[in-house]
Amino acid sequence: VHNKFSAADESNVHFHGLHASGELPSDDTTVVVLPGESRLYQTQLPDSHMPGTHWLHPHRHGSTALQVGGGASLAIIVEDPPG
């Protein structure tokens, strides 16, 4: 399968650094969210997850660079446990 251009307004979400499931309702990059649609992403992190700064971004093949280059990304902070 070749990476080809996709409509710039099709999207989905992909996590980096998180120990998250690769299946819905979490980080499944094969999902396509079309204009006007919404999708609730839920992921449960284990209590022992490594603290740090992680990130997520759109991951619709063929439109990722356009969307991320336009600012569609965000940081996820996993804090140190108390003590």
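Everything quoted here is computed from the prediction, not taken from an experiment.

## As for the pairing of strand β2 (residues 52-57)
In the sheet, strand β1 (residues 14-16) pairs with β2 via three bridges, with the strands oriented antiparallel. Bridging from a neighbouring strand, His16 pairs with Trp55 of β2. In this structure, β2 lies alongside strand β3 (residues 74-78), joined through five bridges in antiparallel fashion. Residue pairing across strands places His54 opposite Ile76, the latter belonging to β3.

## Quick notes on the environment of Ser26
Looking at the element boundaries, Ser26 is found in the loop between β1 and β2. Sequence separation between Ser26 and Gly71 is 45 residues, and the spatial gap between their C-alpha atoms is 22 Å. Apart from residues lying up to four places away in sequence, Ser26 is in contact with Phe15, Ala20, Ser21, Tyr41, Gln42 and Thr43.

How each quantity is defined
Residues numbered from 1 in each chain as written. Predicted model: local features only at pLDDT ≥ 70, side-chain atom pairs only at ≥ 80, totals over all residues. Heavy atoms only, no water. Pairing = 2+ DSSP bridges. Helix = DSSP H or I, 4+ residues; strand = E, 2+ residues; numbered from the N terminus. Contact = heavy atoms within 4.5 Å.

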